[in-house]
Amino acid sequence: GDLEYVIDSLRAGDREEIELTVVAAEPGSFRTVSEVTMSGVSADRATNEIDIIGSQLTIQRLGPERRFVGRTATFQTIIANETNFEANNAIVTEQVPEGMRFISAGSDGVYNPQTRRIRWEIARLLSHKQTVLEVELEAASAGQQLTIVEVTESAGFRSQATETTTVEDYENMTADISRQDAPVSIGETFGFTITIENRGTAVARNVQMVVGLPPEISVKAAGSRTNPAKRVGSSVHYALVEAIQPAEKMTFELKLQGERPAQNALVRASLKYEHLKEPLIVTESVTIFEDRP
């Protein structure tokens, strides 16, 4: 593994300079030994210490580990030069995962929607200094979203950092019951419509609607062909709905009749579904009077 150079003759007092070109193969601290021999006998030697640096730049990725669909978050990439030498002309790229939507990038970052990559150019980073690159992303779909950030130095060295953000979706069911502002007389029929809506980003499953009625009110009809219902004592139980998609609405029809006078008789609709700890309750009051001549 030695490099050799032959000097045929060297006159007294003469000096010869020899250039032996090498390429650093790996980083580390090395000692080179130069030796001159004459007739196979060592005449003199000299040593030299060389520090070969590899990647000048380190990379660190910071950001939230968990996000809900539709929420934005700011992520930071810290590029640091921990060496004693100035770094020049480094390129930083960030691969935006499919489940995240690009919003903005600081420090003149340029986003390519075709490749879903953000690119920064760092023309100069002084020794023992760092720069912070920020990007804002929106969680678009549930799952483990892997972000890959890479810095490429002018010498060709590459460093990489990864970060996984857990994106979750959620159910958010709302319920609304129609109003009955005017009082009704005994024997008069009236009705209610209960409308539910999934305002979340996940499918709501095993949705159950139950309407409780006071003794002053009787049921004339409930449900429909597509959404049947049955009476259980003083309440109406609608058929279980296996799934309601995000942004989907559903209505529950109810036709009633006043049986006895009452002030503010309460109709109580109760909504249940998976992952809901307590039922969602909506109510409406009805005044029933006896209409005699």
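Computed from a prediction, not measured in an experiment: that's the story for all the values here.

Asker: Could you clarify how one ought to interpret the sheet that holds strand β17 (residues 217-222) in this entry?
Answerer: The strands that make up a sheet are held in pairs by hydrogen bonds between backbone atoms, and each pair lies either parallel or antiparallel. Reading across the sheet, the four strands line up as β13-β15-β21-β17 and stay open at both edges, with antiparallel pairing between neighbours. Either end of the sheet is taken by a strand with one partner, and the two such strands are β13 (173-177) and β17. Strand-to-strand twist in this sheet, taken as the mean axis angle between neighbours without regard to direction, amounts to 25°.

Asker: Would you mind going over the pairing of strand β21 (residues 249-258) with me for this structure?
Answerer: Regular strands place their side chains on alternate faces of the sheet. Strand direction decides the pairing type here: strand β15 (residues 189-198) and β21, joined by nine bridges, are antiparallel. Across the sheet, residue Phe190 finds its bridge partner in β21, namely Leu256. Judged from the five bridges that link them, β17 and β21 form a sheet pairing that is antiparallel. The residue bridging Val219 from the neighbouring strand is Leu256, located in β21.

Asker: How should the environment of Thr83 be read in this particular structure?
Answerer: Residue position: Thr83 is located in the loop between β5 (72-81) and β6 (87-95). For Thr83, a relative accessible area of 14% puts it in the buried group. Considering only alpha carbons, one finds Thr83 and Ser127, 44 residues apart in sequence, at a separation of 5.7 Å. Among residues more than four places away in sequence, those in contact with Thr83 are Gln56, Ser127 and His128.

Asker: Help me understand the sheet that holds strand β10 (residues 130-139) in this model?
Answerer: Within the open sheet, the four strands sit side by side as β3-β5-β10-β7. Their pairing is antiparallel. The outermost strands of the open sheet, each flanked by one partner alone, are β3 (57-62) and β7 (100-105). The mean angle between the axes of side-by-side strands here comes to 25°, regardless of whether they run parallel or antiparallel.

Asker: What should I look at first to understand the packing of aromatic side chains in this one?
Answerer: Any pair of aromatic rings gets described here by the distance separating the centres and the angle formed by the planes. Taken as a whole and judged by the stated rule, the model has four aromatic pairs. When the ring of Phe68 is compared with that of Tyr170, the centres are 5.9 Å apart and the planes differ by 85°; the resulting orientation is edge-to-face. Taken together, the residues span a long stretch of sequence, with Phe68 in strand β4 (residues 66-68) and Tyr170 in the loop between β12 (158-168) and β13 at a distance of 102 residues. The class of Tyr170 is partly exposed, set by a relative accessible area of 31%.

Asker: Would you take a moment to explain the nonpolar core for this structure?
Answerer: Among soluble globular proteins, nonpolar side chains are generally buried collectively. Grouped together as the largest cluster of nonpolar side chains are 32 residues, with contacts concentrated most on Ile196, Met209, Val211, Leu256 and Val267. Setting aside residues up to four positions removed in sequence, Met209 forms contacts with Ile194, Ile196, Val236, His237, Tyr238, Phe252, Ala269, Ser270 and Leu271. In terms of nonpolar packing, the next biggest core, distinct from the first, is built from 23 residues, Ala73, Ala87, Met100 and Val135 among them.

Asker: Sorry if this is basic, but what is going on with the side chain of Ser270 here?
Answerer: Locating Ser270 in the fold gives a position in strand β22 (residues 262-272). In this structure, Ser270 is in contact with Gln208, Met209, Val210, Pro279, Leu280 and Ile281, ignoring residues within four places of it in sequence.

Asker: Even after reading the chapter, I still don't get the pattern of salt bridges, so can you show me in this structure?
Answerer: Pairing between side chains of opposite charge can happen when the charged atoms of each approach one another. A full pass over the atoms with the stated rule returns twelve salt bridges. Arg61 is paired through a salt bridge with Glu163; the nearest N and O atoms lie 3.2 Å apart. Remark: Glu163 occurs in strand β12 and Arg61 occurs in strand β3; sequence separation between them is 102 residues. We classify Arg61 as buried; its relative accessible area is 10%. Given a relative accessible area of 10%, Glu163 falls into the buried group. A salt bridge links Arg199 to Glu197; its shortest N-O distance comes to 3.4 Å. You can call Glu197 buried: its relative accessible area is 18%. Taken together, the shared-partner salt bridges connect Arg61, Glu94 and Glu163 into one network.

Asker: What's the story with the side chain of Glu163 in this structure? I'm lost.
Answerer: Within the local environment of Glu163, its side chain forms a polar contact with the backbone nitrogen of Gly63, the two atoms lying 3.2 Å apart. Excluding residues that lie within four positions of it along the chain, Glu163 makes contacts with Arg61, Leu62, Gly63, Pro64, Phe75, Gln145, Leu146 and Thr147.

Asker: Sorry, what's going on with the pairing of strand β23 (residues 280-289) here?
Answerer: Examined bridge by bridge, strand β14 (residues 184-185) and β23 share two bridges and lie parallel to one another. Residue pairing for β23: Val184 is matched across the bridge by Ile288. Bridge count between β22 and β23: eight bridges; the pairing is antiparallel. Bridging across to β23, Leu266 finds its partner in Ser285.

Asker: Even after reading the chapter, I still don't get unusual backbone geometry, so can you show me in this structure?
Answerer: Trans peptide bonds make up most of the peptide bonds, and negative phi angles are found at most residues other than glycine. Phi angles above zero are rare outside glycine, and Ser39 is one such case at about 55°. On the secondary structure map, Ser39 appears in the loop between β1 (28-38) and β2 (41-52). You can call Ser39 exposed: its relative accessible area is 76%.

The rules behind the values
Residues numbered from 1 in each chain as written. Predicted model: local features only at pLDDT ≥ 70, side-chain atom pairs only at ≥ 80, totals over all residues. Heavy atoms only, no water. Pairing = 2+ DSSP bridges. Helix = DSSP H or I, 4+ residues; strand = E, 2+ residues; numbered from the N terminus. Axes fitted to C-alpha atoms, helices over the stretch in contact; angles between N-to-C directions. Buried < 20%, exposed > 50% of the residue type's maximum accessible area, 1.4 Å probe, protein only. Contact = heavy atoms within 4.5 Å. Phe/Tyr/Trp six-rings, centres within 6.5 Å; stacked < 30°, edge-to-face > 60°. Core = buried A, V, L, I, M, F, W, Y, C linked by side-chain atoms within 4.5 Å. Salt bridge = Lys/Arg side-chain N within 4 Å of Asp/Glu carboxyl O. Polar contact = N/O pair within 3.5 Å; in protein donor to acceptor, adjacent residues only side chain to side chain.

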